Amino acid sequence: MKNLFLLFVLPLSILGQNKGFNMDYFNKLNEQERSIIVDKGTEAPFSGEYNNFFEKGYYICRACETPLFKSSSKFNSNCGWPSFDDEIENAIIKTPDNSYNMQRIEICCANCNGHLGHVFYGEKYTDKNTRHCVNSLSLRFIPDNE
Ligand SMILES: [Zn+2]
């Protein structure tokens, strides 16, 4: 019975995670937010409200409000976008992205599939050697004392 579970239930649950967009989460977004989160755009470097922002708290998905990153993992990479060297467990889906003739890994919110940015490894910015490069427009900051 256990093998049957793995054969049938597990693949279904994986498919379920990639069901695409539930538009309920995206209806309230403005045009600028939608161009990033739904159309997988990228905001201009150094333009985002969280690029140079290091308050204590955490960051939720702007579309569905799932917690994605803690401020303790945010670091200053000078790359022009908010950078995190870790994610909140199971909050993010990673998918190979070969658009623009680049081999990158796209990161999306695991709950609503909204586009966040890309993740890069091996750049040696921090001990975790990981940089989640995230659009400010995909996030909303929640201070710790709230
Ligand atoms: Zn989301």
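Data block above holds the structure.
What counts, and where the lines are drawn
- Residues numbered from 1 in each chain as written.
- Predicted model: local features only at pLDDT ≥ 70, side-chain atom pairs only at ≥ 80, totals over all residues.
- Pairing = 2+ DSSP bridges.
- Helix = DSSP H or I, 4+ residues; strand = E, 2+ residues; numbered from the N terminus.
- Axes fitted to C-alpha atoms, helices over the stretch in contact; angles between N-to-C directions.
- Core = buried A, V, L, I, M, F, W, Y, C linked by C-beta atoms within 7 Å.
- Buried ≥ 20, exposed ≤ 12 C-beta atoms within 10 Å, placed from the backbone.
- Contact = placed C-beta atoms within 7 Å.

A. Main features of the sheet that holds strand β2 (residues 67–70). Read across the open sheet, the three strands follow the order β2-β1-β9; overall the sheet is antiparallel. The outermost strands of the open sheet, each flanked by one partner alone, are β2 and β9 (139–143). Pairwise comparison of adjacent strand axes, ignoring direction, gives a mean angle of 30 degrees for this sheet.

B. Here's a closer look at the nonpolar core. Ranked by internal contacts, the top residues of the largest apolar core, which has 23 residues, are Ala63, Leu68, Ile92, Cys109, Leu116 and Val134. Those elements that place two or more of their residues in this core are α2 (31–37), β1 (57–61), β2, β6 (104–109) and β8 (130–134). Sequence-distant contacts of Val134, that is, excluding residues within four places in its chain, are made with Trp81, Pro82, Phe84, Leu116, Gly117 and Leu139.

C. Seen up close, the sheet that holds β8. The six strands are arranged β3-β4-β8-β7-β6-β5 in an open sheet whose pairing can be described as antiparallel. Taken across any chain shown, the strands that pair with only one partner, and hence form the sheet edges, are β3 (74–75) and β5 (92–97). With four bridges connecting them, β6 and strand β7 (residues 115–121) associate as antiparallel partners. Along β7, the bridge assignment pairs Ile105 with Val119.

D. Examining the environment of Cys109 more closely. Note that Cys109 resides in strand β6. Among all residues touching Cys109, those that are not within four sequence positions of it are Cys61, Ala63, Cys64, Thr66, Leu68, Ile92, Gly114 and Leu116.

E. Quick look at unusual backbone geometry. With phi around 65 degrees, Asn90 is a residue other than glycine that occupies positive phi space. Looking at the secondary structure, you find Asn90 in the loop between β4 (83–84) and β5. Its identity as a non-glycine residue notwithstanding, Lys124 has a phi of 65 degrees, on the positive side. Mapped onto the secondary structure, Lys124 falls in the loop between β7 and β8.

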